[in-house]
Amino acid sequence: MTTKTSDFPYIHGFSSTEQERLRKQARFSEQIVYRDIDFSHAGNILEVGCGVGAQTEVLLRRFPDLHITGIDFSEKQLAAASANLASLPYTDGRYQLQHMDATNMGFKPRSFDGAFLCWVLEHVPNPLRVLSEVRRVLQPGARVFITEVLNSSFFLDPYSPNLNKYWVAFNDHQLEVGGDPFVGAKLGNMLLALGYRDVRTEVKTWHLDNRNPDKRQEIIAYWTELLLSAADQLIQKQAVTAELVEKMTDELKRVQSDPNAVFFYSFVQATATVY
Ligand SMILES: C[S@@+](CC[C@H](N)C(=O)[O-])C[C@H]1O[C@@H](n2cnc3c(N)ncnc32)[C@H](O)[C@@H]1O
């Protein structure tokens, strides 16, 4: 596919800071994201929205017999994925990357025996269309694993009013650019509507408090980067002011050093089979 897509609307942008954030994110969330993902019976899977290859790297490491075709709509992300994967010792000959729109895939029907999507449907204007394409290119018996956001579940203590204002603007912006920050809760209905079978969803939660202060600190630092990835866009469209961003950043610093802080966020993982 040759469509030029260097600047399609995308809330996080494509800076090198953002690309590094994706790598950190995959490592940081590996334990909880991959706990129930099993591709040990698959040989040739499709990764939709592979970004900088951060999950590709994890998948190839965890499943040594896997070959992955990663697609992404951004050439910048694919260039970073290519450099990242080529630097790893265990990836040689085990992946290919293609520039492609997930809503219009150039693959023949039944090309793959598994599919993996992580944090991508939240960014596409028509997630049903993507899941329909995934179904078309999967062989009967193949499983799909989808991990997606549910941004309404976010809670932070101590209460941080500027952060809450920013979060509303962040989610509104994601909706306005055609994404869906609440898509996780809708995955079950979408998969059923498209005729997938054995549809299962699991709500996975980071609930971090005094039982695990190190992980709590780590996640608040990661969350700060996630929030700030949209700051320039939000300031530019006057959805937030630079002052609000500053106040939010101060609140996050305060929460991070609070001995009784609580971080809570749930996301949804769905799996289903194609027949
Ligand atoms: C948040 S990143 C996640 C990347 C990767 N799955 C991960 O977890 O590290 C979302 C990716 O989806 C890609 N994307 C957005 N819309 C797309 C589309 N229509 N087709 C293919 N990729 C798309 C973006 O370019 C971006 O790389």
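Placed above this text is the structure.
This write-up is about the structure you can find in this document. (Residues numbered from 1 in each chain as written. Predicted model: local features only at pLDDT ≥ 70, side-chain atom pairs only at ≥ 80, totals over all residues. Heavy atoms only, no water.)

**Quick notes on the pairing of strand E5 (residues 138-148)**
Relative to E5, strand E4 (residues 112-118) runs parallel, the two sharing 6 bridges. If you follow Phe116 over to E5, its bridge partner there is Phe145. Handedness of the crossover joining E4 and E5 through helix H5 (residues 127-137) is recorded here as right-handed. Pairing of E5 with strand E8 (residues 262-273), which is carried by 6 bridges, proceeds in the antiparallel orientation. Residue pairing for E8: Ile146 is matched across the bridge by Ala270. (Pairing = 2+ DSSP bridges. Helix = DSSP H or I, 4+ residues; strand = E, 2+ residues; numbered from the N terminus. Right-handed = clockwise from strand over helix to strand, strands pointing away.)

**Topic: the site of the ligand**
For the ligand, the set of nearby residues contains 21 residues, the closest of which are Gly49, Asp72, Asp101, Ala102 and Cys118. Between the ligand and Gln55, the relevant distance is 3.0 Å, taken from an oxygen atom to a side-chain nitrogen or oxygen of the residue. The contact in question runs from a nitrogen atom of the ligand to an N or O atom on the backbone of Cys118, over 2.8 Å. In the complex, 98% of the free accessible area of the ligand, which totals 600 Å², lies under the protein chains. Structurally, the ligand is housed in the largest pocket. Of the residues belonging to the shell around the ligand, the class tally is 13 nonpolar, 6 polar and 2 charged. (Near = heavy atom within 4 Å. Polar contact = N/O pair within 3.5 Å; in protein donor to acceptor, adjacent residues only side chain to side chain. Areas by Shrake-Rupley, 256 points an atom, 1.4 Å probe, with all protein chains shown as cover. 1 Å grid on protein atoms, 1.4 Å probe; cavity = no way out; pocket = protein on both sides within 12 Å on 5 of 7 lines; lining within 4 Å. Sits in = over half its atoms within 2 Å of the grid points. Nonpolar A, V, L, I, M, F, W, Y, C, P; charged D, E, K, R; others polar.)

**Things to note about unusual backbone geometry**
Here the residue pair Asp157 and Pro158 is connected by a cis peptide bond, since its omega of 5 degrees sits within 30 degrees of zero. Inspection of the secondary structure assignment puts Pro158 in the loop between strand E6 (155-157) and helix H6 (161-176). A positive phi angle, near 55 degrees, is found at Trp119, a position not held by glycine. Counting through the fold element by element, Trp119 comes out in the loop between E4 and H5. Take Trp119: its relative accessible area is 13%, and that puts it in the buried class. (Buried < 20%, exposed > 50% of the residue type's maximum accessible area, 1.4 Å probe, protein only.)

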